[in-house]
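Residues per chain, in single letters:
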Amino acid sequence: MSKVAVITGGAQGIGKGIAKRLGKDGFNIVISDMNIELAQQTVEEFKNMDIHAIAVEGDVSIQEDQFALVSEAVEQFGSVDVFINNAGIDQVQAVEDITPENLEKIFNVNVFGTTYGIQAAAKQMKKQEKGGKIINACSIAGKTAFNLLGAYSATKFAVHGLTQVAAKELAQFKITVNAYCPGIVGTGMWDRIDAGMVEYMGLKPGEAWQQNVDNIPLQRSQTPEDVAKLVSYLASEDSDYMTGQAINIDGGIELH
Ligand code: NAD
C-alpha cells in the first residue's frame, strides 16, 4: 500500500511544491489548508499528473483541526507516514513596532500550529508502530537575524527548538523529526515581505526582493521545487538515520 503524506498549507507556494514532489514519489497526498477552494483546485490539477490527493479544510492554529486532519487522512488512505508542518505566516516590522496582537497572531500559526501538528502526527504514528517522519518548515530566519523580521524570526527559532526536542522524545518510537530552512523563495509570502520592506525602507516595489536575491551566492532566487527536493529526501527511507536537524536549502546564503 502507498505511504501517506500530509502537508499543511499545501494549497500553494512551497507546500504545493512539496505535495507535487511527494505525489510523484508515490505517496498518497493529503493537502490541508485554510483556503479550501485553492486546496481543491490544487488537488484537481494533481489528478492530471496521476497523483492521488485529497483536500481537507483546517486551521493549524486550532488543535482540534490538526487531530481531525490526521483522522481524515487515516479514514481516506489508511495511515499517516509523513506529516509536514508547512503552513506559516509572515510579518514585517521593526522590533520596536511589534504589537501584542502581532505576536499572538504569528505565534498562533507558526509555533502553536507546528506544536499541534507534531502532537497529532505523533499520536497516530505511535499507534501504527512503524515509525514515521515529521518535517517542519523552519527558515534561515530560524537560525540568524534579518532586519524587520523579528517576530517571524522568533517563531522560526521556536520551530527549530521544537524540532530538536520532539526528535529526542520521539526517537524511541522510530519517529524522526527534521526541518527545512529555505532562503528566498518566490511565493505569495515573499510578495508580502517585499511590500512590507519597501514601505519601511522607502524602496520601489520589488526592490527589497531583488536586493535579497542579489545576495544569493548561487545567483538565482529559489523555487518551491528546490525545497521539495530536500523534503523528498527527508520523507524517504534514505534519511532514516537523520533526526533533529534543521537543514538550510538556500543557495548558500547561510553557512551554519
Ligand atoms: P505562502 O503564503 O505562499 O503559502 C502558505 C499557505 O499556508 C497558504 O496556502 C495559506 O492559505 C496556508 N495557511 C496560512 N495560515 C494557515 C493556517 N493557520 N492554517 C492552515 N493553512 C494556513 O507561504 P510559503 O512561502 O509557501 O511558505 C511555506 C512555509 O515555508 C512557511 O512556514 C514559511 O514560513 C516557510 N518559509 C518560506 C520562505 C519563502 O521565502 N517563501 C522562506 C523560508 C521559510
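Look above for the structure.
Basis of the calculations
Residues numbered from 1 in each chain as written. Predicted model: local features only at pLDDT ≥ 70, side-chain atom pairs only at ≥ 80, totals over all residues. Heavy atoms only, no water. Helix = DSSP H or I, 4+ residues; strand = E, 2+ residues; numbered from the N terminus. Rg over C-alpha atoms; globule rule 2.2 N^0.38 Å. Contact = heavy atoms within 4.5 Å. Areas by Shrake-Rupley, 256 points an atom, 1.4 Å probe, with all protein chains shown as cover. Axes fitted to C-alpha atoms, helices over the stretch in contact; angles between N-to-C directions. Left-handed = near helix turned anticlockwise from the far one by under 90°. Nonpolar A, V, L, I, M, F, W, Y, C, P; charged D, E, K, R; others polar. Disulfide = S-S within 2.5 Å. Buried < 20%, exposed > 50% of the residue type's maximum accessible area, 1.4 Å probe, protein only. Core = buried A, V, L, I, M, F, W, Y, C linked by side-chain atoms within 4.5 Å. Near = heavy atom within 4 Å. Polar contact = N/O pair within 3.5 Å; in protein donor to acceptor, adjacent residues only side chain to side chain.

Looking now at the overall build of the protein. Helix and strand counts for the protein stand at eight helices and seven strands. Rg of the C-alpha trace for the protein: 17 Å, near the compact-globule value of 18 Å for 256 residues, within the 12% margin. Along the first, second and third principal axes, the C-alpha atoms of the protein reach 55 × 40 × 35 Å. Partitioning the contacts of the protein with sequence separation of at least 6, the portion at a separation of at least 24 is 70%. Split by element, the accessible area of the protein, about 12200 Å² in all, is 51% carbon and sulfur.

Orientation of helix H3 (residues 63-77) relative to helix H4 (residues 100-128), taken along the N-to-C sense of each, is 35 degrees, at an axis distance of 9 Å. Of the two possible hands of crossing, H3 and H4 adopt the one that is right-handed. Contact residues: Gln-63, Gln-66, Phe-67, Val-70 and Val-74 in H3; Gly-113, Tyr-116, Gly-117, Gln-119, Ala-120, Ala-121, Lys-123 and Gln-124 in H4. The residue inventory of the contact of H3 with H4, partitioned by class, reads six nonpolar, six polar and one charged.

What follows deals with the state of the cysteines. Taken as a whole and judged by the stated rule, the model has zero disulfides. Cys-181 provides the cysteine sulfur closest to Cys-138, a residue in no disulfide bond, and the two sulfurs are 3.9 Å apart. Note on Cys-181: relative accessible area 0%, which makes it buried.

Take the nonpolar core next. Generally speaking, a soluble globular protein has its nonpolar side chains buried in company with each other. Ranked by internal contacts, the top residues of the largest apolar core, which has 28 residues, are Ile-18, Leu-22, Ile-29, Ile-84, Ile-135 and Tyr-180. Of all the elements in the fold, those that place two or more residues in this core are strand S1 (4-8), helix H1 (13-24), strand S2 (28-33), helix H2 (36-47), strand S4 (82-85), strand S5 (132-137) and helix H8 (224-234). Top element by residues in this core is H8. It accounts for five residues. In contact with Leu-22, not counting residues within four places along its chain, are Ala-5, Phe-27, Ile-29, Ile-84, Val-231, Ser-232 and Ala-235. Formed by 22 residues, the second largest nonpolar core is a distinct cluster that contains Val-4, Val-6, Ala-73 and Ala-166.

Every one of the 29 residues lining the ligand counts as a neighbour, but Ile-14, Asp-33, Asn-86, Tyr-152 and Thr-187 are closest to it. Within the side chain of Asp-59, one N or O atom sits 2.9 Å away from a nitrogen atom of the ligand. Here an oxygen atom of the ligand sits 2.6 Å away from a polar atom, N or O, in the side chain of Tyr-152. Contact with the protein chains removes 95% of the 840 Å² of surface that the ligand exposes when unbound.

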